[in-house]
There are 2 protein chains.
Amino acid sequence: MEKIRIGIIGYGNLGRGVEYALENTEDMVLCGVFTRRDPKSLKVRTDVPVYAIDQAANMRDKFDVMILCGGSANDLPTQTVQFARDFNVVDSFDTHAKIPEHFAAVDASSRESGKVAIISAGWDPGMFSLNRLYGQAILPNGSDYTFWGPGVSQGHSDAIRRIPGVLDARQYTIPVEAALERVRSGEQPVLTTREKHTRECYVVAEEGADLAAIENAIKTMPNYFADYDTTVHFISQEELNQNHAGIPHGGVVFRTGTTGENGKHKHVIEYRLKLDSNPEFTTGVLAACARAAFRLNQEGVSGCKTLFDIAPAYLHPADGETLRKNLL
Amino acid sequence: MEKIRIGIIGYGNLGRGVEYALENTEDMVLCGVFTRRDPKSLKVRTDVPVYAIDQAANMRDKFDVMILCGGSANDLPTQTVQFARDFNVVDSFDTHAKIPEHFAAVDASSRESGKVAIISAGWDPGMFSLNRLYGQAILPNGSDYTFWGPGVSQGHSDAIRRIPGVLDARQYTIPVEAALERVRSGEQPVLTTREKHTRECYVVAEEGADLAAIENAIKTMPNYFADYDTTVHFISQEELNQNHAGIPHGGVVFRTGTTGENGKHKHVIEYRLKLDSNPEFTTGVLAACARAAFRLNQEGVSGCKTLFDIAPAYLHPADGETLRKNLL
């Protein structure tokens, strides 16, 4: 069997994650990394070739699927649209509010090229979204809950770093155990923002900085922290480097609902992720979607898709008969 | 919008569950119940017509999808094949070892008729199977675990009832908490049958029966109990009726795996169900699959499918744009 030939666009945390992920797949092979930097200056972990990003369009016959590993704010809105003109593509676009707009732009370019583009693949958006959909479809009379963490929120960590006097910071989002238990009981509670999550901040301050002022600036920051119970710990850079270098994350999606006579039977669906590495788990989803994009395109499909549009079997390397025998 | 017209074949626990489930769906309507009994003798909860099962073939233009609510041992192997000749059908066939055979037979008859047949819809097979598939696709370097319960096992309860001196019985399958915790930690343990589940039996014995002999017969029963730590409680029929009348069930599917440099990052995916009513949850899945069967057939699809072959969006009443906006 010919292996599916994969290219990586952008070599940050996600790009490196895809490089690892493809070592665990027998049906896909990494054939190159594309970068905006000088290709000669980029050393990748494996021995695949590194190309300048603008060479890609000349290599249509060398890659079956491109996995876009850039950021949602500045890279993907243009890159996914552009690469879908020449390749099947997969991205992890995660700015929830802008997904409809991104979908429309990518759909136009991939329909024109006759390629398949899968966007917003990851865990949220991604596996969490899937579980919200399945839950609502199965238990129409019920409620949805999504909790995030325990895990590092990059956006909140960045927001703390912008405060004067702060050298470095790491912010953990933590679901409130009591809220999880109430949802798990099936009571379908209405929960405020404060009741669902707490925020824990590890901050490295400049020598002589006004710690009370920094703590106050964090705790009162609108949108990011003001609506949460927030704890601030000042630590040294060494301690931050040693104990907070990882990028763990995770969370829980619940669907709870009722059925039967006067809704007397309660049901709880709980989908929980506990991830040591947020980007490496995300790239597991991206790799599976690359397989699906290739297979769908082989069947003549084109246009923009999300995990909602992909029959699960396309994501798994085994054929239908094997899946039914072993997993159904 | 025209509603999808649903028929129920067989009016036991599942049939009644479908009848309830369709009260929570705005796009589907129950149009009739088919029974092997004399239709005049069957009183259904709602006011839909009741028909003799052999009238169905004459009512092809009155039903869009038939939901088969019979048993896997004796009803579905013939009924699903037969009804797929005239209708889109959905069943919850759950004899895991015979799924390939059932699939082949149903596929042949539904391809011939140009209809869609979705088999083995429920939670195991069904939602649990889906989570095994997604987990393997995302974390190829890992292990699967399925735990069942706490819940009533009908097959094990029946096995106890066949022992001389037993009047009635209810058997609960219970996952071992310590095993769940080991899996949740990501250590990927190898677990024996005994380490994963315990079995708890509530037994009503005839007056004067040899209780020790009954307990021994249960605990040493091959396949059913001998490989498990089993507890037997003798209780009165009244107590059984009062405290053990429900059909709760549930369980957990885990996929745990590693990624990155030397597999140093662990990931745990946990999908957990806690169900007050096993049949009513199953019928929630059946109803969603009926929607998918109808929509797929409208697009010209035919043949046998499982949840593995169905893009999730087909199961949910909302359109793609709404799903992306609200759930992705």
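Another point: helix H3 (residues 99–113) of chain B. Its 15 residues place the ends of H3 of chain B 21 Å apart at the C-alpha level, agreeing with the 21 Å of an ideal helix rising 1.5 Å per residue. Considered for burial, the residues of H3 of chain B that qualify are Ile99, His102, Phe103, Val106, Asp107, Ser109 and Ser110 of chain B. The elements touched by buried residues of H3 of chain B are helix H11 (320–327) of chain A together with helix H2 (76–83), strand S6 (116–118) and strand S14 (303–305) of chain B. Immediately downstream of H3 of chain B, the backbone of Gly114 of chain B shows phi near 75°, a positive value.

This part takes up the packing of aromatic side chains. Each aromatic ring pair is described using two quantities: the centre-to-centre distance and the angle formed by the ring planes. For the structure shown, the criterion picks out 16 aromatic pairs over all chains. When the ring of Trp123 of chain A is compared with that of Phe128 of chain A, the centres are 5.2 Å apart and the planes differ by 80°; the resulting orientation is edge-to-face. Both residues of the pair, Trp123 of chain A and Phe128 of chain A, count as buried. Between Tyr172 of chain B and Tyr202 of chain B, the ring centres sit 5.7 Å apart and the planes meet at 85°, which makes this aromatic pair edge-to-face. Within this pair, whereas Tyr172 of chain B is found in strand S9 (residues 166–175), its partner Tyr202 of chain B is found in strand S10 (residues 197–205), the two being separated by 30 residues in sequence. For Tyr202 of chain B, a relative accessible area of 17% gives the class buried.

Applying the stated rule across the entire model yields three cavities of 30 Å³ or more. By volume, the largest cavity is sized at about 120 Å³. Lining the largest cavity are 19 residues, and of these Ile138 and Pro140 of chain A together with Ala21, Asn24 and Gly284 of chain B lie nearest its centre. Ranked by residue count, the leading element in the lining of the largest cavity is helix H10 (residues 278–298) of chain B, at five residues. Residues that form the lining of the largest cavity fall into these classes: nine nonpolar, eight polar and two charged. Of the volumes computed, that of the second largest cavity is approximately 50 Å³.

Time to look at the sheet that holds strand S7 (residues 142–148) of chain B. In spatial order, the strands read S7(A)-S12(A)-S13(A)-S13(B)-S12(B)-S7(B); together these six strands make up an open sheet with antiparallel pairing. Across the chains shown, the open sheet's two edge strands, defined by having one partner strand only, are strand S7 (142–148) of chain A together with S7 of chain B. Strand-to-strand, the axes of this sheet are offset by a mean angle of 10°, without reference to chain direction. Pairing between strand S12 (residues 249–259) of chain A and strand S13 (residues 265–275) of chain A: 11 bridges, direction antiparallel. Paired with Gly250 of chain A across the bridge in S13 of chain A is Lys274 of chain A.

This part covers the relation of the copies chain B and chain A. The transform that puts chain B on chain A rotates by 180° and translates by 0.0 Å along the axis, for an RMSD of 0.0 Å. Classification of the inter-copy transformation places it as that of a two-fold axis. The position closest to the rotation axis in chain B is occupied by the C-alpha of Ala311 of chain B, lying 1.9 Å away. A high fraction, 100%, of the interface residues of chain B reappear at the interface in chain A, so the copies pair face to face through one surface.

Within chain A, residue pLDDT values average 97, and 100% of them lie at 70 or more. As scored by the predictor, the complex reaches a pTM of 0.97 and an ipTM of 0.97.

Before going further, it helps to spend a moment on the pattern of salt bridges. Pairing between side chains of opposite charge can happen when their charged atoms approach one another. For the structure on display, the rule yields 36 salt bridges over all chains. Between Asp229 of chain A and Arg194 of chain A there is a salt bridge whose closest N-O contact spans 2.7 Å. Linking Asp229 of chain A in strand S11 (residues 229–234) with Arg194 of chain A in helix H7 (residues 193–196), this pair joins segments that are 35 residues apart in sequence. Exposure remark for Arg194 of chain A: the relative accessible area of 37% places this residue in the partly exposed category. The residue Lys264 of chain B makes a salt bridge to Glu261 of chain B at a minimum N-O spacing of 3.7 Å. Assessed through its relative accessible area of 51%, Lys264 of chain B is described here as exposed. For Glu261 of chain B, a relative accessible area of 41% translates into the label partly exposed. Within this structure, Glu177, Glu181, Arg184, Glu270 and Arg272 of chain A form a network of salt bridges that share partners.

Moving on, we come to the pairing of strand S13 (residues 265–275) of chain B. The buried fraction of S13 of chain B amounts to eight of the 11 residues, a majority that puts the element mostly inside the structure. As paired strands, S13 of chain A and S13 of chain B are joined by nine bridges and run antiparallel to one another. Residue pairing in the sheet places His267 of chain A in a bridge with Leu275 of chain B of S13 of chain B. In this structure, the hairpin formed by strand S12 (residues 249–259) of chain B and S13 of chain B is closed by a connection of five residues, where Gly260 of chain B is found at a positive phi of approximately 80°.

Attention shifts here to the interface of chain B and chain A. Each side of the interface is counted separately: chain B has 61 residues, and chain A has 61 residues. Roughly 5600 Å² is buried in total at the junction of chain B and chain A, and carbon and sulfur atoms are behind 65% of that figure. Counting the contacts that link chain B with chain A gives zero salt bridges. The interface formed by chain B and chain A contains 25 residue pairs in polar contact (both at pLDDT 80 or more). Every element with two or more residues in the side of chain B that touches chain A is listed here: H3, helix H4 (127–138), S13, H10 and helix H11 (320–326) of chain B. When residues in the side of chain B that touches chain A are grouped by element, the largest group, 11 residues, is from S13 of chain B.

Now for the side chain of Ser143 of chain B. Residues and elements named next belong to chain B. Tracing the backbone shows Ser143 in strand S7. Looking at Ser143, its side chain comes within polar contact range of the side chain of Gln188, at 2.6 Å. If we skip the residues at most four places from it in the chain, Ser143 touches Gln188, Phe254, Arg255 and Thr256.

Within a beta sheet, neighbouring strands are joined by backbone hydrogen bonds and run either parallel or antiparallel to one another. Residue and element names in this part refer to chain B. Judged by pairing direction, the sheet is parallel, and its seven strands sit side by side in the order S3-S2-S1-S4-S5-S6-S14 without closing on themselves. The open sheet has two edge strands with one neighbour each: strand S3 (50–52) and S14. Ignoring which end each strand starts from, the neighbouring axes of this sheet average 25° apart. Of the pairings in the sheet, the one linking strand S2 (residues 28–35) to S3 comprises three bridges and is parallel in character. Paired with Phe34 across the two strands is Tyr51, which belongs to S3. Sheet strands touched by H10: strand S1 (4–9), S2, strand S4 (65–68), strand S5 (88–90) and S6. Its angle to S5, the strand with the most contacts, is close to 155°.

About the cut-offs
- Residues numbered from 1 in each chain as written.
- Chains lettered and ligands numbered in written order.
- Predicted model: local features only at pLDDT ≥ 70, side-chain atom pairs only at ≥ 80, totals over all residues.
- Heavy atoms only, no water.
- Helix = DSSP H or I, 4+ residues; strand = E, 2+ residues; numbered from the N terminus.
- Expected span 1.5 Å × (residues − 1).
- Buried < 20%, exposed > 50% of the residue type's maximum accessible area, 1.4 Å probe, protein only.
- Contact = heavy atoms within 4.5 Å.
- Phe/Tyr/Trp six-rings, centres within 6.5 Å; stacked < 30°, edge-to-face > 60°.
- 1 Å grid on protein atoms, 1.4 Å probe; cavity = no way out; pocket = protein on both sides within 12 Å on 5 of 7 lines; lining within 4 Å.
- Points joined across faces, edges and corners; volume = space filled by probe spheres on them.
- Nonpolar A, V, L, I, M, F, W, Y, C, P; charged D, E, K, R; others polar.
- Pairing = 2+ DSSP bridges.
- Axes fitted to C-alpha atoms, helices over the stretch in contact; angles between N-to-C directions.
- Least-squares fit on C-alpha atoms with pLDDT ≥ 70 in both.
- pLDDT = per-residue confidence, 0-100.
- Salt bridge = Lys/Arg side-chain N within 4 Å of Asp/Glu carboxyl O.
- Buried area = accessible area lost by both parts, 1.4 Å probe.
- Polar contact = N/O pair within 3.5 Å; in protein donor to acceptor, adjacent residues only side chain to side chain.

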